[in-house]
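Examining the three-dimensional arrangement
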Amino acid sequence: MQEIKVQNQNFKNRILKHGLVLVTFLILTLIITFPVILDFGTEAAGSGCYDKCHMMWRMWWTNFSFDNDLDFYHSNYLFYPNGVPISGNLAQFTTGIGAILQNGLGSTFAWNIIWLSGFVFGGYGAYLLAEHFTKNPYASIVSGIIFTFSTYHMVHSEFHIGLSMIFWVPLFILVLFKILEENSKKLIFAGSAFFFLSAITHLYFLVFLVMFSIVFFAVFSLKQKNISQKTFVTNYSMILGIGIIACLIVFSPILFSDIEHEKRPIDEHIEYSSGLINFVTPTFFHSSQIFSENDILKNMYLMFNEDTQFNSHYETYSYLGYSVIVLSVLALKFKFRF
């Protein structure tokens, strides 16, 4: 009986602890994104219309098409009478949640809930990953702050609702590290689910998680683990296998259709693409660039004798942020030192 009481108390303490962490990130989000909360029900968060209006329309179309037994992947309500295919990266997770919330809350309220949750749960996901290694809740909260309020996340949340939902990524990575320590069917299910949810949130996440998984396997298949090599390979393969199969089922209508991306010129793909240099160079709207009149970018290009023709499309923004770059360098230094 005493053991059951202790377990119940520990469970309550964990619930309270994680609840306080979520409240902390909620308060920080409301402060940093102020004054979004003041117009929560009347104005959709983000800049301008652009992709924001596009994604809000897709949320509406999802709900409307299912209610009226229409083709979700093709709409005759645009470019009538032939209509237009709705293919490419659908950001199904945010689109689906938005369609559900719109029914009772309206488009603007639903959008703002999803928008704010990207910051709150993004921080929480990074917190869980960091706490797995540090066992320190305060350091883990700082990690969550750095991750969810990074330059990349702040910029893309202004325009791309799919890219604002970053919390599945650290959760999937956390599961990969956990399977190094224990053999659990729950971890296989969780890992597959997080991989799948990341993919339907945004295809970029699918690509990067596959790349990360390959590097992870290459490194840790050669390192000592708490479980056997056979168990590790089996669990890893099941997580990736189930996750990829689930993605193929969901994306099959797109993969086997004549989508418009094949007809778009290669120059357009290049123009909207991000290169490695984008990870370490601030965006045009970063304060350091505004005050220096883009001198940092100019000098970066001049180092490689490149033309200083800058691409200002938001799609190219991948900048990690000064704090992330500096702290990453420090982390590597102390890692090798100790």
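See above for the structure.
The present account deals with the structure reproduced in this document. None of the values given here were measured: they were computed from a predicted structure.

This next bit is on the overall build of the protein chain. If you tally the helices and strands in the protein chain, you get 15 helices and two strands. Counting all 338 residues of the protein chain, 40% fall into the buried class. Look at the contacts in the protein chain between residues 6 or more apart in sequence, and 69% of them connect residues 24 or more apart. Surface summary for the protein chain: the accessible area is close to 19700 Å², and the carbon and sulfur share equals 66%.

Applying the stated criterion across every chain yields a total of one salt bridge. The closest approach of N and O atoms between Glu131 and Lys17, which form a salt bridge, is 2.4 Å. Highlighted residues: Glu131 in helix 4 (residues 107-134) and Lys17 in helix 1 (residues 2-32), separated in sequence by 114 residues. When its relative accessible area of 13% is taken as the criterion, Glu131 is described as buried. A residue is classified by how much of its surface remains accessible, and Lys17, at 33% relative accessible area, is partly exposed.

It is worth spelling out the state of the cysteines at this point. Per the counting criterion, the structure on display carries one disulfide. A sulfur-sulfur distance of 1.6 Å marks the disulfide that ties Cys49 to Cys53. Of note, the bridge from Cys49 to Cys53 carries an S-S torsion of about -125° and is left-handed in sense. Residue classification places Cys53 among the partly exposed residues on the basis of a relative accessible area of 31%.

Taking 1.5 Å as the rise per residue, helix 2 (residues 50-67) with 18 residues should run 26 Å; its terminal C-alpha atoms sit 26 Å apart, in good agreement. Of the residues making up helix 2, those classed as buried are Lys52, Met55, Met56, Arg58, Met59, Trp61, Thr62, Asn63 and Ser65. Its buried side turned inward, helix 2 meets strand 1 (74-75), helix 3 (92-105), helix 4 and helix 7 (161-164). Backbone geometry just after helix 2 places Asp69 at a positive phi near 55°.

With respect to the secondary-structure elements, Ala193 resides in helix 9 (residues 185-201). Residue Ala193 is classed as partly exposed on the basis of its relative accessible area of 23%. Linking Ala193 and Leu171, residues 22 residues apart in sequence, is a C-alpha distance of 10.0 Å.

Over its twelve residues, helix 5 (residues 137-148) runs 16 Å from end to end, which matches the ideal 16 Å to within 8%, given 1.5 Å per residue. Restricting attention to buried positions, one finds in helix 5 the residues Ser140, Ile141, Gly144 and Thr148. Take helix 5 and look down its axis: the buried residues cluster within an arc of 105°, on one side only. A side-chain oxygen of the first residue of helix 5 lies 2.9 Å from the backbone nitrogen of Tyr138; this N-cap is Asn136.

With 59 residues, the main nonpolar core has Trp111, Trp115, Phe172, Ile179 and Phe216 as its most contacted residues. The set of elements that each furnish at least two residues to this core consists of helix 1, helix 2, helix 4, helix 7, helix 8 (168-178), helix 9, helix 10 (203-220) and helix 11 (229-255). In terms of residue count, helix 4 provides more of this core than any other element does, ten residues in total. Setting aside its immediate chain neighbours within four residues, Phe172 contacts Gly191, Phe194, Phe195, Leu209, Ser213, Ile239 and Leu240.

Before going further, it helps to spend a moment on the packing of helix 3 against helix 4. The contact between helix 3 and helix 4 brings their axes to 8 Å, and the two run at 135°. When the axis of helix 3 is compared with that of helix 4, the two are oblique. Crossing angle aside, the handedness with which helix 3 passes helix 4 is right-handed. Taking contact as the criterion, the partners of Thr94, Ile97, Gly98, Leu101, Gln102 and Leu105 in helix 3 are, on helix 4, Ser107, Phe109, Ala110, Ile113 and Ile114. Residue classes in the contact of helix 3 with helix 4 are distributed as seven nonpolar, four polar and no charged.

For the coordinates displayed, the defined rule picks out 27 aromatic pairs. Look at Phe172 and Phe195: their rings are 5.6 Å apart centre to centre, the planes differ by 55°, and that puts the pair in the tilted class. Note that Phe172 is positioned in helix 8 and Phe195 in helix 9, a separation of 23 residues in sequence. Taken as a pair, Phe172 and Phe195 share a single burial class, namely buried. Centre to centre, the rings of Phe217 and Phe232 are 5.8 Å apart; their planes meet at 10°, and the pair counts as stacked. Separated by 15 residues along the polypeptide, Phe217 in helix 10 and Phe232 in helix 11 bring together distant segments of the chain. In this structure Phe217 comes out as partly exposed when scored by relative accessible area, which is 26%. Positioned over the ring face of Phe232 is Lys225, at 5.0 Å from the centre of the ring.

Definitions and limits used
- Position numbers for residues start from 1 in each chain and track the written sequence from start to end.
- Local features in this predicted model are restricted to residues of pLDDT 70 or higher, and side-chain atom pairs are both shown and tallied only at a pLDDT of 80 or more, whereas totals for entire chains, interfaces and linings draw on every residue.
- In computing side-chain properties, one takes all heavy atoms of the structure into account and sets aside hydrogens as well as water.
- The helix and strand labels rest on DSSP assignments: H or I over at least four residues marks a helix, E over at least two residues marks a strand, and numbering proceeds from the N terminus.
- A 1.4 Å probe rolled over the protein chains alone gives each residue an accessible area, and that area as a share of the maximum for its type sets the label: buried under 20%, exposed over 50%, partly exposed in between.
- Any pair of residues with heavy atoms lying within 4.5 Å of one another is described as a contacting pair.
- Computed with a 1.4 Å probe, the accessible areas rest on the Shrake-Rupley method; for each residue, only the protein chains presented here act as cover.
- Any carboxyl oxygen of Asp or Glu that lies within 4 Å of a side-chain nitrogen of Lys or Arg is treated as forming a salt bridge with it.
- Defined by distance alone, a disulfide is two cysteine sulfur atoms within 2.5 Å.
- One fewer than the residue count of a helix, multiplied by 1.5 Å, yields its expected span.
- This arc is built from the directions going out from the helix axis to the C-beta atoms.
- Polar contact is defined as a pair of N or O atoms within 3.5 Å, subject to the rule that within protein one atom must be able to donate a hydrogen and the other to accept it, and that residues adjacent in sequence are counted only when both atoms are side-chain atoms.
- Here, nonpolar core means buried Ala, Val, Leu, Ile, Met, Phe, Trp, Tyr and Cys residues that are tied together by side-chain atoms lying within 4.5 Å of each other.
- Axis definition: a line fit to C-alpha positions, over the contact stretch in the case of helices; interaxial angles, taken between N-to-C directions, run 0 to 180 degrees.
- Geometric relationships in this document are graded by angle, where less than 35 degrees denotes roughly parallel, more than 145 denotes roughly antiparallel, 65 to 115 denotes roughly perpendicular, and other angles denote oblique.
- The hand of a helix crossing depends on one turn: near helix anticlockwise from the far one by less than a right angle means left-handed, and clockwise means right-handed.
- Ten residue types, Ala, Val, Leu, Ile, Met, Phe, Trp, Tyr, Cys and Pro, are classed as nonpolar, four, Asp, Glu, Lys and Arg, as charged, and the remainder, Gly among them, as polar.
- Under the pairing criterion, centres of Phe, Tyr and Trp rings, with the six-membered ring standing for Trp, must be within 6.5 Å; the plane angle then separates stacked pairs below 30 degrees from edge-to-face pairs above 60, leaving the rest tilted.
- In our convention, an over-ring charge means Lys NZ or Arg CZ found within 6 Å of a ring centre and within 35 degrees of that ring's normal.

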